[in-house]
Amino acid sequence: MSLPLEGIKVIDMTGVQAGPAATQMLAWFGADVLKIERVGEGDITRRQLRDMPDVDALYFTQLNSNKRSMELNTKTPEGKAVLEKLIRESDILVENFGPGAMDRMGFTWEYMQELNPKIIFGSIKGFGENSRYSDLKVYENVAQAAGGSASVTGFWDGPPTVAGSALGDSNTGMHLVIGILTALRMRDQTGKGQKVSVSMQDANINLNRVKLRDQMRLEKTGHLQEYPQAGLGLGFGEAVPRGGNAGGGGQPGWVLKCKGWEEDPNAYIYMTIQGQNWKRTAEAIGKPEWAEDPEYATAEARMPKIFDIFKYIEENVLADKTKDEAVDYLRKFDIPCGPVKSMKEIAYDPDLRESGTIVEVEHKARGKYLTVGCPIKFTAFKPEIKESPLLGEHTVEALQQLGYSEAEIKELLDKKVVGETVHLKLATEI
Ligand code: CAO
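In this text the structure is predicted, and so the values were computed from the model without any measurement. (Residues numbered from 1 in each chain as written. Predicted model: local features only at pLDDT ≥ 70, side-chain atom pairs only at ≥ 80, totals over all residues. Heavy atoms only, no water.)

Draft legend 1. Inspection of the site of the ligand at higher detail. Taken together, 24 residues lie around the ligand, and Leu 72, Arg 104, Lys 137, Val 138 and Asp 169 are the ones closest in. In this structure, a nitrogen atom belonging to the ligand sits 3.3 Å away from a main-chain N or O atom of Phe 97. Gly 98 is positioned such that a nitrogen or oxygen atom in its backbone is 3.0 Å from an oxygen atom of the ligand. Here the ligand, which alone exposes 950 Å², has 84% of that area covered by the protein. Of the pockets mapped on this structure, the ligand occupies the second largest pocket. Listed by contribution, the elements that provide at least two residues to the shell around the ligand are α4 (101-104) and β5 (120-125). Residues belonging to the shell around the ligand are distributed by class as follows: 10 nonpolar, six polar and eight charged. (Near = heavy atom within 4 Å. Polar contact = N/O pair within 3.5 Å; in protein donor to acceptor, adjacent residues only side chain to side chain. Areas by Shrake-Rupley, 256 points an atom, 1.4 Å probe, with all protein chains shown as cover. 1 Å grid on protein atoms, 1.4 Å probe; cavity = no way out; pocket = protein on both sides within 12 Å on 5 of 7 lines; lining within 4 Å. Sits in = over half its atoms within 2 Å of the grid points. Helix = DSSP H or I, 4+ residues; strand = E, 2+ residues; numbered from the N terminus. Nonpolar A, V, L, I, M, F, W, Y, C, P; charged D, E, K, R; others polar.)

What follows is the structure, encoded as structure tokens:
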């Protein structure tokens, strides 16, 4: 099967999560992604949070599938020459080093353009170039803090809270993929490359559009009727508050207990009380008379009692139903709802396995492991998720492709300008 990005060469100078998530997706779509790693060390995630001794950690294998690996010291003159050759022959270079690292290495955007005017340079930083925080190194949770997410997540009587999902890291990587593909399309039109920058703060803010909507509403009216603060009579301050598990749209919803919640921390569903479906919702919860009762018939009338309504549903509708039984019951009434899924349930969900969203991959050193596959489904192709490379596994192959002779490669290896560590024990030896 031919893949859409076949023939596109990517120099992958990324590490940890944000950058690797982007280049991994390009690799799934068929690009030849060559990961450049520090000699003898590699991406720090190879060694972080290991579950098996001496084997690349899941942190690395889950973010670097379908790539090749080259160990190259880009701070030596010979290493720089190798990188220059790569830039001349590649389509895309992606990096997410700390601020200024590429410039300090000698590879400014201006110099990259000199080497190859068609090169597309994808760059991730914590903050935008003009930001007064642009010098900061940034990890996931700082992005959620600076992007507004932490301030609107959690409960009103608790501190700002970060989500467990990678709203700073992988999310930024996905934004960069959109930017790079757009730049590739533009290069088809103009013949020229360009720099594509995404900051983690900006990518996080892009997920907070409705929270900015609420800030504007709050400034105009001093009130946000769908937030629990309204129903509980807590009042509002100057900024959008933390809304607990309230729905972000115009329809109130909450996380509701189901049978077994006392033992199972995830025995819950999320249920939305949809205004246009109130008649059937009232029927589903055994209160058909509420459909016409002025005390309940409108969203405005329901809102002050919304927590009493949710409590009533928990005690009278959901208490004798598991979360799956609850969903099966509520779906008959067209009520928007869904189970709270644990990561264990997601790992072993047959539908997600069938669709390729959860994939089992065979890795030469660790054996089988699970990863998140491509969440985007195409009719014309299905990305095949392959193992991640061992450190320096493709160093020699990549140098040969660049035209280096055997003797030159030996010299580079001897001088530790390049490396082929590949020392991780194979599963059979463990
Ligand atoms: N050869 C030689 N040197 C190399 C190299 C190579 N192949 N690859 C990297 N290096 C050097 C860099 O040039 C840099 O050197 P100087 O700072 O001395 O110029 C050095 O290694 C450290 O790079 P770094 O700043 O990326 O690494 P760090 O571990 O200190 O910081 C991180 C990590 C993520 C905080 C920082 O890279 C960062 O802020 N990145 C931008 C935001 C981002 O993507 N964060 C998401 C991370 S996922 O949670």
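Draft legend 2. How the structure looks around helix α1 (residues 18-28). Burial of α1 is extensive: 11 of the 11 residues sit out of reach of the surface. Turning to α1, its buried residues are Ala 18, Gly 19, Pro 20, Ala 21, Ala 22, Thr 23, Gln 24, Met 25, Leu 26, Ala 27 and Trp 28. One or two steps after α1, the chain reaches Gly 30, where phi turns positive at roughly 110°. (Buried < 20%, exposed > 50% of the residue type's maximum accessible area, 1.4 Å probe, protein only.)

Draft legend 3. Representation of the layout of surface pockets. Computed from the structure, the largest pocket encloses a volume of approximately 1200 Å³. Gly 164, Ser 165, Ala 166, Met 343 and Val 372 are, among the 32 residues lining the largest pocket, the residues nearest its centre. The set of elements that each furnish at least two residues to the lining of the largest pocket consists of α1, α2 (58-61), α7 (169-190), α15 (343-347) and β11 (367-372). Here the lining of the largest pocket gets four residues from one element, more than from any other, and that element is α1. When the residues that make up the lining of the largest pocket are grouped by side-chain class, the tally is 19 nonpolar, 12 polar and one charged. Considered as a void within the structure, the second largest pocket measures approximately 1100 Å³ in volume. (Points joined across faces, edges and corners; volume = space filled by probe spheres on them.)

Draft legend 4. Focus on the pattern of salt bridges. Under the counting rule described, the total for this entry stands at 27 salt bridges. The partner of Arg 68 in a salt bridge is Glu 397, and the shortest N-O contact between them spans 2.4 Å. In this pair, Arg 68 sits in strand β3 (residues 68-72) while Glu 397 sits in helix α17 (residues 395-401), placing the two residues 329 residues apart along the sequence. Residue Arg 68 is classed as buried on the basis of its relative accessible area, which comes to 13%. Where salt bridges share partners, they join Arg 213, Asp 214, Arg 217 and Glu 226 into one cluster. (Salt bridge = Lys/Arg side-chain N within 4 Å of Asp/Glu carboxyl O.)

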